[in-house]
Structures are given as structure tokens and as C-alpha cells.
Amino acid sequence: NFYSDRRRPLNYIIKKPLASAGKQDVLFFMHGGGGHTWYYEPHMINQFSDNYVKVILQAPYEVSLLSNMWVWFDVHFPLFADTTFNEEHINKSCDEILFSIDKIIEKENINPKKIYIGGNSQGGIMACKLALEHPDAIDGFIAHNAFLPIVYQTVKDKSKYLTLRGLVINGDDDN
């Protein structure tokens, strides 16, 4: 297919450790709905030690033309009350994230020891969905101020979850 050869990874910002000998842990971080990679760069990319390769992925859907605000999936109001109406967006975003992880590792010549995904809000929802549906693709996940997507699958072989690490963080004022 002509277009499949032209598929590109999601836009991203990357910061590699100064000393990059051998295998390294890689953290792919996903911003919340309406966010952008540039917003999270100063806040997130320096929060983890220099032992990690840190990549901030930008969501694939722009809120409106030239808004420079990006989402992983459309939402209904009240905010996040239902994710079932747009499972197509959510599943497409999952596919884009997995594709991007592979392509970024290849393009940036990263030798991953462990791969972690994380996100806040919508990005955290995506991290949860990826962890539940693709535990073989990652070693761990971080969900910050997120909840489980309403529709998700789990793998038949539950032993795939035995080594998966997870961190779920919510603030006092978050539901």
C-alpha cells in the first residue's frame, strides 16, 4: 500500500542520558487532553533521573484547526463521563502509540532495557489501556489523575501481568 509506507510516528520530544552505553530504561510519556509536548517538556522531561531515555509523545488529534491543542480521543461532557462512544479514536491512538514506540526506538538508536509508558489524564487512560491490552509490549505504566477506560480487553494468559509494574497517582481533589 502506497500510504502504509509513508506512516510516521507521532510527534515527540526526546531527552537521552548523557552517558548512553548499554541498555537503558525508556519512558514514553503522554500528555493529557488538550495538551501539547512543549507544555510537558520543562515539567516532565527533567523529573526523571538521567538513567532514562525520556520521550514525550504528542496525541494524534488536534482539538481544532491551528489550536495546537491535542487529544488522544474526543470526549463528551461532562468531561470523561463516557469513553464508549469513541472507541475507534482510543483504539487508533493505542495503535499509533505502539507503532511510534517501535519507530522511535529504531530511529533514535535506543537499546531498551525496559519500556515504561505513562501519562496524565487522557494520557493516563491510554497508559492503562495499553497496559491491560498489551502487557507484552511494556514493562510498566504510570497513570496520573486518570481512570480505566470504560471498554478494554485483557489478555487470556494472565501470567503476562505478573511482571508488569504499575504506578497510579491521584491528588486529594481528584475523583
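Values in this document were obtained by computation on a predicted structure and should not be read as measured data.

A. Highlighting the nonpolar core. Core analysis: the biggest nonpolar cluster contains 34 residues, and F28, L57, W72, I97, I117 and F141 have the highest contact counts within it. For this core, the secondary structure elements donating two or more residues are β2 (24-30), β3 (52-57), α2 (87-107), β6 (112-120), α3 (122-133) and β7 (140-144). What F28 contacts, discounting residues up to four positions off in sequence, is V55, L57, I101, I104, I105, I115, Y116, I117 and G118.

B. Spatial organisation of α3. For α3, spanning 12 residues, the distance from its first C-alpha to its last is 16 Å, which sits close to the expected 16 Å at 1.5 Å a residue. Counting buried positions along α3 gives 12 out of 12 residues, so the element sits mostly inside the fold. If you check which residues of α3 are buried, you get Q122, G123, G124, I125, M126, A127, C128, K129, L130, A131, L132 and E133. Of the surrounding elements, those touching the buried residues of α3 are β2, β5 (70-71), α2, β6 and β7.

C. Broad picture of α2. Here α2 contains 21 residues, and its C-alpha end-to-end distance of 30 Å stays within 8% of the 30 Å for a straight helix at 1.5 Å per residue. By the burial criterion, the buried members of α2 are E87, H89, I90, S93, C94, E96, I97, F99, S100, I101, I104 and I105. Here the buried face of α2 lies against β1 (12-15), β2, β3, β4 (61-62), β6 and α3. The positive-phi residue at the C-terminal boundary of α2 is N109, with phi of around 55°.

D. Region of interest: the sheet that holds strand β8 (residues 165-169). Pairing in this open sheet of 6 strands is mixed, and the strands run β1-β3-β2-β6-β7-β8 from one edge to the other. Every interior strand has two partners, whereas the edge strands, β1 and β8, have only one. Each strand axis lies, on average, 15° off the axis of its neighbour in the sheet, ignoring direction. Alignment of β7 against β8, held across 5 bridges, turns out to be parallel. When the bridges of β8 are listed, I142 appears paired with L167. α3 contacts β2, β6 and β7 of the sheet and is inclined by roughly 135° relative to β6.

E. Spatial organisation of the pairing of β3. For β3, the tally of buried residues reaches 5 of 6 residues, placing the bulk of the element in the interior. Sheet topology places β1 next to β3; 4 bridges connect them, and they run antiparallel. Following the sheet pairing, Y12 is matched in β3 by L57. Two strands pair when backbone bridges link them, and β2 and β3 are joined in this way by 6 bridges, in the parallel orientation. Paired with F29 across the bridge in β3 is I56.

Criteria and thresholds
- Residues numbered from 1 in each chain as written.
- Predicted model: local features only at pLDDT ≥ 70, side-chain atom pairs only at ≥ 80, totals over all residues.
- Heavy atoms only, no water.
- Core = buried A, V, L, I, M, F, W, Y, C linked by side-chain atoms within 4.5 Å.
- Buried < 20%, exposed > 50% of the residue type's maximum accessible area, 1.4 Å probe, protein only.
- Helix = DSSP H or I, 4+ residues; strand = E, 2+ residues; numbered from the N terminus.
- Contact = heavy atoms within 4.5 Å.
- Expected span 1.5 Å × (residues − 1).
- Pairing = 2+ DSSP bridges.
- Axes fitted to C-alpha atoms, helices over the stretch in contact; angles between N-to-C directions.

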